[in-house]
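In case you want the letters, here they are:
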Amino acid sequence: MITSAYIHIPFCRRKCNYCTFASFTEINLKNTYINNLCKEIQHRYKGEKLKTLYIGGGTPSLLDISDIKRVLSLFVFDSDYEITCEVNPENLSSAWLQSLFQSGINRISIGAQSFNDKLLKIIGRKHSVKDIFNTVINARNAGFSNISVDLIYGIPNQSVCDVSSSVITACELDLEHISTYGLKIEPGSFFYKNLPKNLPDEDMQADMYLKINEICHKYGYHHYEISNFAKKNFISKHNLNYWNAKEYYGFGCASAGYENLVRYSHLSSIEKYCLNPLNLTDLFVLNTQYLLEEYIFLGLRKAEGISTNEIYKKFNINFDNKYEKILSKYSKYFVKTNDRYSLTENGFLISNCILSEFIN
Ligand code: SF4
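Quick look at the structure, then. (Residues numbered from 1 in each chain as written. Predicted model: local features only at pLDDT ≥ 70, side-chain atom pairs only at ≥ 80, totals over all residues. Heavy atoms only, no water.)

**So, the overall build of the protein**
Here is step 1 of the chain: In terms of regular secondary structure, the protein is built from 16 helices and 15 strands.
Here is step 2 of the chain: Here the C-alpha atoms of the protein give a radius of gyration of 21 Å, agreeing with the 21 Å that 2.2 N^0.38 yields for 360 residues.
Here is step 3 of the chain: Here the protein holds 360 residues, and 53% of them are scored as buried.
Here is step 4 of the chain: Sequence separation of 24 or more characterises 68% of the internal contacts of the protein that already satisfy a separation of 6 or more.
Here is step 5 of the chain: Accessible surface, the protein: about 16900 Å² in total, of which carbon and sulfur atoms supply 50%. (Helix = DSSP H or I, 4+ residues; strand = E, 2+ residues; numbered from the N terminus. Rg over C-alpha atoms; globule rule 2.2 N^0.38 Å. Buried < 20%, exposed > 50% of the residue type's maximum accessible area, 1.4 Å probe, protein only. Contact = heavy atoms within 4.5 Å. Areas by Shrake-Rupley, 256 points an atom, 1.4 Å probe, with all protein chains shown as cover.)

Right, here's the structure in full:
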């Protein structure tokens with residue numbers, strides 16, 4: 001049974017310099033989009049009790065609370081639900097955050113990215129450090145007891161010291177969850193066409209990553225996934241659903257979903273989505289080999305890693321024998337405890353390289 005859903009809100013006031021997400025500045029299409037999004041949910045959602053719902057973007061905090069309430073009213077939730085809404089700290093009023101909390105959203109993820117105004121400017125963010133602080137204060141006052149921030153490292157001109165300072169600030173704000181991402185310059189972004197100077201190289205990004213881990217550990221955060229840190233009991237249940245290779249709905253343009261062993265996505269264009277919001281594209285039926293590979297490469301992203309007993313039960317294979325060569329090639333990056341394999345911190349650092357070896 002599906003118990004998770006993702007909803008994409010594809011609007012932003014302007015594009016950040018590194019952005020390759022499906023986000024557009026045509027905010028005038030918002031009402032049409034919400035109407036079609038509701039239509040899609042009404043047609044495809046089968047009424048299961050959801051444990052997690054994630055409203056991401058784009059900038060979901062550009063929505064009116066009435067839109068959010070309208071979308072939420074289409075779902076049934078489990079008593080122990082987690083509903084996350086991504087917010088950008090751009091002029092968010094305390095009244096809006098209060099209404100957001102009252103609407104039933106119980107977790108927010110703030111796109112902070114850095115606690116350094118100069119670096120925020122370089123990556124083209126619209127907000128300032130002061131805006132982040134105000135958002136955290138207003139969110140706490142509104143009643144939110146589960147707040148996450150996103151931080152980016154590897155920004156042009158950023159030093160390891162700058163990264164440390166941002167992470168320490170996030171930790172000292174006593175937030176429940178911190179996600180950190182290394183900046184990637186990808187086709188489609190402003191930075192791709194206008195390559196910035198002073199980009200930290202791979203070695204420096206690695207130093208930044210290790211520094212982040214060290215600081216978060218010192219402040220009592222659990223490094224539960226390659227890029228994610230949480231206080232006790234505040235692991236993102238929604239993301240855990242992805243890493244546990246479980247099924248989920250994807251609603252809205254550019255969203256991806258996984259239902260009945262089929263992975264699918266939606267077209268990225270808002271206009272095309274609104275022409276037929278029920279149109280699913282890139283349908284891909286998962287066979288046993290693919291399911292096994294997903295179980296391994298998603299599972300090894302987590303600090304708890306993967307269970308060889310579970311792999312045997314699910315796929316009838318002996319993990320140690322089948323992957324003997326990879327396990328021995330990267331032996332110093334793996335920890336084995338009872339029936340579980342997990343990656344070390346240095347293993348996380350080169351996880352792309354290790355995980356790709358498990359894919360046929
Ligand atoms: S706020 Fe997020 S989605 Fe919007 S432009 Fe910036 S990076 Fe892209």
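**Observations regarding the pattern of salt bridges**
Here is step 1 of the chain: For the structure on display, the rule yields 16 salt bridges.
Here is step 2 of the chain: Its salt-bridge partner being Glu 214, residue Lys 211 comes within 3.4 Å of it at the nearest N-O pair. Here Glu 214 and Lys 211 lie together in helix H8 (residues 202–218), a separation of three residues that amounts to about one turn.
Here is step 3 of the chain: Since its relative accessible area comes to 28%, Lys 211 is described here as partly exposed. (Salt bridge = Lys/Arg side-chain N within 4 Å of Asp/Glu carboxyl O.)

**Focus: the side chain of Asn 88**
Here is step 1 of the chain: Tracing the chain through its elements places Asn 88 in the loop between strand E3 (76–87) and helix H3 (94–102).
Here is step 2 of the chain: Assessed through its relative accessible area of 12%, Asn 88 is described here as buried.
Here is step 3 of the chain: Separated by 3.1 Å, the side chains of Asn 88 and Thr 59 make a polar contact.
Here is step 4 of the chain: Beyond its immediate stretch of four places on either side in the chain, Asn 88 contacts Thr 59, Ser 61, Gly 111 and Arg 125. (Polar contact = N/O pair within 3.5 Å; in protein donor to acceptor, adjacent residues only side chain to side chain.)

**Some words on the packing of helix H1 (residues 30–44) against helix H2 (residues 65–72)**
Here is step 1 of the chain: Running from amino to carboxyl end, H1 crosses H2 at an angle of 10°, the nearest separation of the two axes being 10 Å. One finds that H1 runs roughly parallel with respect to H2. For the pair H1 and H2, contact is made by Lys 30, Ile 34, Asn 35, Leu 37, Cys 38 and Ile 41 and by Asp 67, Arg 70 and Val 71, respectively.
Here is step 2 of the chain: The residue makeup of the contact of H1 with H2, split by class, is five nonpolar, one polar and three charged. (Axes fitted to C-alpha atoms, helices over the stretch in contact; angles between N-to-C directions. Parallel < 35°, antiparallel > 145°, perpendicular 65-115°, else oblique. Nonpolar A, V, L, I, M, F, W, Y, C, P; charged D, E, K, R; others polar.)

**Brief notes about the sheet that holds strand E6 (residues 177–182)**
Here is step 1 of the chain: Spatial strand order, E7-E8-E6-E5-E4-E3-E2-E1-E9: nine strands in an open sheet with mixed pairing. Two strands close off the open sheet at either side, each with one partner strand: strand E7 (222–225) and strand E9 (249–251). Pairwise comparison of adjacent strand axes, ignoring direction, gives a mean angle of 20° for this sheet.
Here is step 2 of the chain: Along the sheet, helix H6 (residues 160–172) contacts strand E5 (147–153) and E6; its crossing angle with E5, the most-contacted strand, is approximately 180°.
Here is step 3 of the chain: Against the sheet, H8 makes contact with E5, E6, E7 and strand E8 (228–230), and its axis sits at roughly 155° relative to E5, the strand it touches most. (Pairing = 2+ DSSP bridges.)

Everything listed here is a matter of coordinates, which is why it stays silent on function.
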